[in-house]
Amino acid sequence: DGRLVLIPPRALGISSTAEITTFPGMRFDELREAPTDTAAYVRDEPVPVALGTTYVFRTHRDVDQIGQTCFFYGKMEPLSISVEQGTLEFIFDVNPVCQNPDLVPPDNN
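Residues numbered from 1 in each chain as written. Predicted model: local features only at pLDDT ≥ 70, side-chain atom pairs only at ≥ 80, totals over all residues. Heavy atoms only, no water.

**What about the sheet that holds strand 4 (residues 53-58)?**
Here's step 1: Taken in spatial order, the four strands make up an open sheet running 2-4-7-8, and their pairing is antiparallel. Of all strands in the sheet, those with a lone pairing partner are strand 2 (19-24) and strand 8 (87-94), marking the two edges. Strand-to-strand twist in this sheet, taken as the mean axis angle between neighbours without regard to direction, amounts to 30°. (Pairing = 2+ DSSP bridges. Helix = DSSP H or I, 4+ residues; strand = E, 2+ residues; numbered from the N terminus. Axes fitted to C-alpha atoms, helices over the stretch in contact; angles between N-to-C directions.)

**Considerations on the pattern of salt bridges**
Here's step 1: Tallied over the full model, the rule gives four salt bridges.
Here's step 2: Note that arginine 43 and glutamate 19 form a salt bridge whose closest N and O atoms lie 2.6 Å from each other. Taken as a pair, arginine 43 in the loop between strand 2 and strand 3 (47-48) and glutamate 19 in strand 2 lie far apart in primary sequence, 24 residues in all.
Here's step 3: The class for glutamate 19 is buried, based on a relative accessible area of 5%.
Here's step 4: Arginine 27 is paired through a salt bridge with glutamate 30; the nearest N and O atoms lie 3.5 Å apart.
Here's step 5: For arginine 27, a relative accessible area of 45% gives the class partly exposed.
Here's step 6: Residues joined by salt bridges that share partners form a network here, namely Glu19, Arg43 and Arg58. (Salt bridge = Lys/Arg side-chain N within 4 Å of Asp/Glu carboxyl O. Buried < 20%, exposed > 50% of the residue type's maximum accessible area, 1.4 Å probe, protein only.)

**What to know about the state of the cysteines**
Here's step 1: With the rule as written, the count across this model stands at one disulfide.
Here's step 2: Covalent S-S linkage joins cysteine 70 and cysteine 98, the inter-sulfur distance amounting to 2.0 Å. Here cysteine 70 is found in strand 6 (residues 69-70), whereas its partner cysteine 98 is found in the segment after strand 8, with 28 residues between them in sequence. The exposure classification of cysteine 70 matches that of cysteine 98, with both residues buried. (Disulfide = S-S within 2.5 Å.)

**Some details on the packing of aromatic side chains**
Here's step 1: Per the stated rule, a full pass over the model turns up one aromatic pair.
Here's step 2: For arginine 58, the ring lying beneath its charged end belongs to phenylalanine 71, and the centroid distance is 3.5 Å. (Phe/Tyr/Trp six-rings, centres within 6.5 Å; stacked < 30°, edge-to-face > 60°. Lys NZ or Arg CZ within 6 Å of the ring centre and 35° of its normal.)

**A short note on a nonpolar patch on the surface**
Here's step 1: A cluster of nonpolar residues, Val5, Ile7, Leu12 and Ile14, forms a patch on the protein surface that exposes about 360 Å² of accessible area.
Here's step 2: With respect to the helices and strands, the residue isoleucine 14 is situated in the loop between strand 1 (5-6) and strand 2. (Patch = residues over 30% accessible without salt bridge, like charges linked within 9 Å, V, L, I, M, F, W, Y side chains within 5 Å. Areas by Shrake-Rupley, 256 points an atom, 1.4 Å probe, with all protein chains shown as cover.)

**Quick word on the side chain of lysine 75**
Here's step 1: Positionally, lysine 75 belongs in strand 7 (residues 73-82).
Here's step 2: In this structure, lysine 75 is buried with no salt-bridge partner, the nearest side chain bearing the opposite charge being aspartate 93 at 6.0 Å.
Here's step 3: A distance of 2.7 Å separates a polar side-chain atom of lysine 75 from the backbone oxygen of phenylalanine 28.
Here's step 4: Discounting chain neighbours no more than four positions away, the residues touching lysine 75 are Phe28, Asp29, Leu31, Thr54, Tyr55, Val56, Ile91, Phe92, Asp93 and Leu103. (Lys, Arg positive; Asp, Glu negative; His and termini not counted. Polar contact = N/O pair within 3.5 Å; in protein donor to acceptor, adjacent residues only side chain to side chain. Contact = heavy atoms within 4.5 Å.)

Put into structure tokens, the structure is as follows:
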């Protein structure tokens, strides 16, 4: 419908546990923790991109630095969107700690 979207892998028929959820009206620096309830996430349909919304991702299951299989969490906020050019500029941060939903870097806690 003329908007940019984020597409979780399962929306394309790719087997994955990666998911996304939205926080309309919440700024990047306000969002401190990702939801751990999987019901909060979209996994099999496109998610429209909008300014003024922060998005949280839960990755597919992956192996951490010590060999433990787990999910990782991250967040992003669009800074500019150009549908005409098909571009999205955004800021993001990812927590490298296995299963940890904290979305604030340790030096900012």
